[in-house]
Amino acid sequence: MIKRIQYCSIYFTILFCITEVHAQIVWPAFDQTMKPWTRWWWQGSAVDKKNLTAAMEQYRDAGLGGLEITPIYGVKGAENLFIPYLSAPWMNMLQYTLQEAKRLQLGIDLANATGWPFGGPWVKPDDASKNAMIKTYHLLEGEEIIEPIQFKQEPYYRSESKQIIDLSTFKKPVAANAGLQAYALDQVRFGISLKPFTVMAFSDDGTSIDLTHKMDMSGKLNWKAPAGKWRVIALFMGYHGKLVERAAPGGEGDVIDHFSASALQHYLRKFDTAFIGNNISGIRSFFNDSYEVDDANGQSNWTPDLLLEFKKRRGYDLKNYLPQLFSRDSSDLGIRVLTDYRQTISDLLLDNFTQPWQKWAASKNKMVRNQSHGSPANILDLYAAVDIPETEGTDILRFKFATSAAHVTGKPLASAEAATWLNEHFQSSLGDVKLAVDKYFIGGVNHLFWHGTNYSPQDAVWPGWLFYAAVHLTPANPIWKDFGTLNKYVTRCQSFLQRGKPANDVLYYFPFNDRLAMPGRNLLHHFDGMLGWENSPFNLTGEWLLKNGYGFDFISDNQIKQLRTEKGLLNTGGVNYQTIVLSDVSYIPLATMQSLLRLVKLGATLIFQNKIPSKVPGLYAFEKNQKTLQNLIQQLEFVSVKQSNIQMASWGLGKILIGKDMAALLAEAGVQRETITDHSLQFTKRKSAQGYYYFIANTTQKIFSDWVPLEATEKYVFQYDPMTGETGKAKYRWLKNKLQIYLQLLPGASMIIETSSIAKTGAYFSTFKNITAPPDTLTGKWQLEFLSGGPTIPASKILEGTSYWTNFSEEDKQQFSGTASYATHFAKPTIAANHYLLQLGEVKQSAEVFLNGKKMGVLLGPVYQLTIPASLLQADNLLTIKVTNGMSNRIRHLEKTGVVWKKFYNTNFPARLAQNRGADGLFTAIKWNVESSGLQGPVTIQALKELD
């Protein structure tokens with residue numbers, strides 16, 4: 001029976017442009033890289049050829065384009081299947097995987113470690129990460145230090161297994177011990193005595209004396225203090241103790257010293273040896289997870305050659321300034337020394353790790369993919385040094401560090417570790433993941449990697465082998481059934497986002513030296529998005545630029561040196577920018593200011609928000625450099641810009657602007673913003689040979705249906721729906737010489753808009769309004785049938801209307817995870833129309849819709865509706881809706897019945913949220929309520945009228 005309900009109608013009056021037609025409106029051809037890839041966890045490297053093939057065929061069929069192999073900790077009970085990392089049998093499995101990937105047209109990346117960071121049993125103590133400690137002695141004239149100078153490094157360990165460990169029974173190094181999978185160690189410092197690395201004496205009058213050579217073999221210092229008061233500082237280099245996290249069998253061991261070129265060389269030699277006699281041509285790139293060395297007790301902040309490197313790079317001897325470095329001296333001298341130390345560490349991470357690693361891969365005709373965030377270095381420079389910069393997380397400004405480096409250096413791909421931690425384990429829907437994906441695209445990412453997909457034997461007991469991150473995109477998860485729809489969506493988006501070039505107008509200066517000058521609890525800062533910049537002008541202006549529709553990329557001091565000026569525009573990476581902005585910057589290297597003024601002299605526009613940077617960083621020759629900087633600034637003659645609070649100075653062919661109001665400053669620089677954001681929409685934009693590509697997302701909870709202005713002048717506009725695949729000519733108009741398109745977007749939906757100077761053939765993209773009459777509600781009998789899943793298949797049921805299957809008291813329905821179909825018959829609506837709107841109401845979680853046996857589409861949410869052409873309706877119609885839920889109810893059932901499914905070494909199994917931690921501190925679903933699953937409805941159908 002059909003029941004009538006009231007419904008609001010929407011009316012629009014629209015004028016549409018008529019265009020000539022030539023080429024056809026089609027999606028770009030999809031290639032392997034445009035498809036999403038996934039991190040492929042090899043637990044214990046316990047893989048075999050039969051299951052490798054079966055898994056890879058599943059991945060191919062689900063629409064994945066490639067796999068990143070990362071071996072990690074093993075599964076309990078599968079120890080006899082473990083294959084030691086890089087052993088001959090392991091290389092045999094890699095060879096087979098590469099052969100199968102070629103057959104299945106899947107790309108392969110390989111992590112250069114098990115787990116993270118780089119490290120393993122072949123890392124010797126000399127190459128392991130280091131840290132610095134000091135001892136201070138106070139002496140008067142004639143006094144001496146009686147006892148031997150030494151530092152007792154206290155024993156310490158950290159274990160994911162929570163075991164009590166007696167380190168005195170452990171062999172050195174850690175990798176020499178058996179049973180490391182069970183111990184799940186990620187840091188160990190043995191109790192050892194350290195000899196001084198260097199010993200310095202400092203008098204109250206500023207005199208410093210190097211006493212290192214006055215030490216005998218026993219550690220006795222043969223020196224008496226001269227006249228005055230003296231402070232003796234003994235510097236010790238200890239073993240930081242960081243181990244590879246989540247290491248696979250054969251990969252457990254010390255993390256390398258990332259600041260040492262020889263440590264990296266020795267580390268990579270293991271791979272060179274393993275690759276001998278093996279064909280690795282099928283590997284596209286090598287991968288490095290985020291730095292994360294200091295995700296530990298204390299920092300890795302030293303390297304054997306640091307003093308030598310410091311003197312070579314900074315021009316003075318750091319030994320003479322140990323009091324300023326280690327006493328957190330906040331004087332100008334102390335800040336300058338600390339800045340130089342931090343800059344040197346940054347340089348070493350770039351010069352001794354990132355760049356040599358990239359060159360090593362290039363020598364093998366491979367690329368590198370790198371997560372640079374979280375390291376104590378200028379992450380823009382680290383990202384720029386690799387072939388594919390990769391980000392992660394949920395914050396757009398964080399993403400833009402990786403994507404900016406790609407844009408500024410002309411790299412075509414910027415990747416993301418996507419959907420790592422969203423909701424709690426087993427509670428993220430594909431719709432949730434889609435919303436997260438859109439944020440990556442808005443931030444400039446165009447090469448997604450799911451995090452991730454577990455290798456699991458085909459006969460593994462459900463839920464199979466799992467990694468500990470909270471989004472489980474694995475075939476054991478029922479949502480895998482509709483995973484292909486999400487992958488098609490990503491592929492369609494990336495087919496445009498990997499084309500053309502970024503179309504951002506503003507270069508936004510990264511004030512790295514301001515941060516280096518900030519005191520902190522530790523010697524080193526770690527750079528990870530806006531962490532540590534909260535409420536700073538740099539962060540606030542970045543957020544303002546995003547909110548107000550200005551496309552921008554971050555730029556570093558080193559990258560500024562590569563900028564060129566062409567016809568008043570700033571060019572880098574083959575992209576033109578209109579201006580460069582420095583927001584409330586205090587410290588700027590002299591070379592950077594000189595480069596900026598050179599660009600302005602050739603015609604560029606430079607913006608200083610609030611103030612001009614007035615201080616050079618660092619200690620060496622700072623007085624000379626400071627004077628030169630001041631002389632440069634004094635040459636700038638500023639005058640007021642009429643009717644504004646902006647000051648302007650002409651410099652050669654260009655100009656320099658200074659003021660507080662960023663909107664006014666950018667307007668004066670001729671930068672046009674995209675007012676899309678005024679409609680609560682978010683976007684990213686790329687330049688094509690014929691016009692622009694826009695990715696536009698409705699991140700609100702409201703339906704959007706209105707005109708949207710675009711900053712484009714092309715004659716033709718085309719529209720592409722990446723979720724449905726629909727294409728067409730956009731409905732557009734010119735209003736006051738501004739291009740406007742008519743756009744309809746459901747909450748959480750997105751659209752790709754192409755502006756072009758070339759005409760294309762095709763119908764107009766469908767836009768509808770509701771006919772005045774209210775929708776009909778389908779209230780007849782529904783057949784509920786459970787199709788696949790478990791732990792058992794519940795019996796079918798006839799329903800009087802739609803209802804979540806979890807609303808019924810039967811236990812097998814309460815614990816069911818899988819797919820069930822809801823089917824009903826309905827009569828063709830009496831109101832004539834060319835199209836009808838089918839709305840499913842509330843759905844948990846995804847729905848595949850069939851009408852009279854024809855598949856209409858898969859809906860992932862958050863809104864569940866689709867348009868039906870009238871031609872598909874008959875007098876009597878069969879509607880079938882296949883609804884799939886997630887894993888949570890079945891996991892809850894396992895917990896309540898005491899079934900052991902958490903059987904993993906190392907981290908087994910951390911909760912995302914505190915309320916889901918059991919007495920052992922690990923994840924449990926035992927207290928969960930049953931999660932609603934199925935089709936609640938109401939299901940309605942309503943006549944539509946196409947807008948014309």
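Let me sum up the structure you'll find in this document. All values derive from a computational prediction rather than experimental measurement.

With respect to the helices and strands, lysine 903 occurs in the loop between helix 19 (888–896) and strand 53 (934–937). Along the chain, lysine 903 and lysine 945 lie 42 residues apart, while their C-alpha atoms are 56 Å from each other. Dropping the residues within four chain positions of it, lysine 903 is found in contact with Val75, Lys76 and Asn908.

Here the focus is the side chain of serine 888. When you line up the elements, serine 888 lands in helix 19. The class of serine 888 is buried, set by a relative accessible area of 3%. Contact partners of serine 888, with chain neighbours within four places excluded, come to Phe426, Gln427, Ser817, Trp928 and Glu931.

Turning our eyes to something else, we now look at the packing of helix 5 (residues 306–314) against helix 7 (residues 332–362). Taken N-terminus to C-terminus, the directions of helix 5 and helix 7 make an angle of 100 degrees; their axes are 10 Å apart at the nearest point. It follows from the interaxial angle that helix 5 and helix 7 lie roughly perpendicular. Together, Leu306, Glu309, Phe310, Arg313 and Arg314 of helix 5 and Asp340, Tyr341, Gln343, Thr344, Ile345, Asp347, Leu348, Asp351 and Asn352 of helix 7 make up the contact between the two elements. Residues belonging to the contact of helix 5 with helix 7 are distributed by class as follows: five nonpolar, three polar and six charged.

This brings us to the nonpolar core. By size, the foremost hydrophobic cluster in this structure holds 146 residues, and its most contacted members are Trp40, Trp302, Tyr341, Leu448 and Trp450. Considering every element that reaches this core, the biggest residue donor is helix 7, with eleven residues. If near-sequence neighbours (up to four positions away) are discounted, leucine 448 is found in contact with Pro36, Trp37, Ala416, Ala418, Val437, Tyr440, Phe441, Val490 and Gln494.

What follows concerns helix 19. Residue pairs three or four apart in sequence face the same way in an α-helix, which turns once every 3.6 residues. With eight of its nine residues buried, helix 19 lies for the most part within the structure. Listing the buried residues of helix 19 in full gives Ser888, Asn889, Arg890, Ile891, Arg892, His893, Leu894 and Glu895. On its buried side, helix 19 packs onto strand 43 (781–790), helix 18 (811–814) and strand 46 (817–827). Remark: glycine 898 follows helix 19 within two positions and exhibits a positive phi of approximately 75 degrees.

A few words now on the sheet that holds strand 26 (residues 575–577). Pairing is antiparallel in the open sheet, where three strands are placed in the order 24-25-26. Only two strands of the sheet have a single neighbouring strand rather than two, namely strand 24 (564–566) and strand 26. Neighbour-to-neighbour, the strand axes of this sheet turn through a mean angle of 40 degrees, independent of strand direction. Relative to strand 25 (residues 569–572), strand 24 runs antiparallel, the two being bridged by three bridges. Pairing of arginine 564 across the sheet is with asparagine 571, part of strand 25.

Definitions and limits used
Residues numbered from 1 in each chain as written. Predicted model: local features only at pLDDT ≥ 70, side-chain atom pairs only at ≥ 80, totals over all residues. Heavy atoms only, no water. Helix = DSSP H or I, 4+ residues; strand = E, 2+ residues; numbered from the N terminus. Contact = heavy atoms within 4.5 Å. Buried < 20%, exposed > 50% of the residue type's maximum accessible area, 1.4 Å probe, protein only. Axes fitted to C-alpha atoms, helices over the stretch in contact; angles between N-to-C directions. Parallel < 35°, antiparallel > 145°, perpendicular 65-115°, else oblique. Nonpolar A, V, L, I, M, F, W, Y, C, P; charged D, E, K, R; others polar. Core = buried A, V, L, I, M, F, W, Y, C linked by side-chain atoms within 4.5 Å. Pairing = 2+ DSSP bridges.

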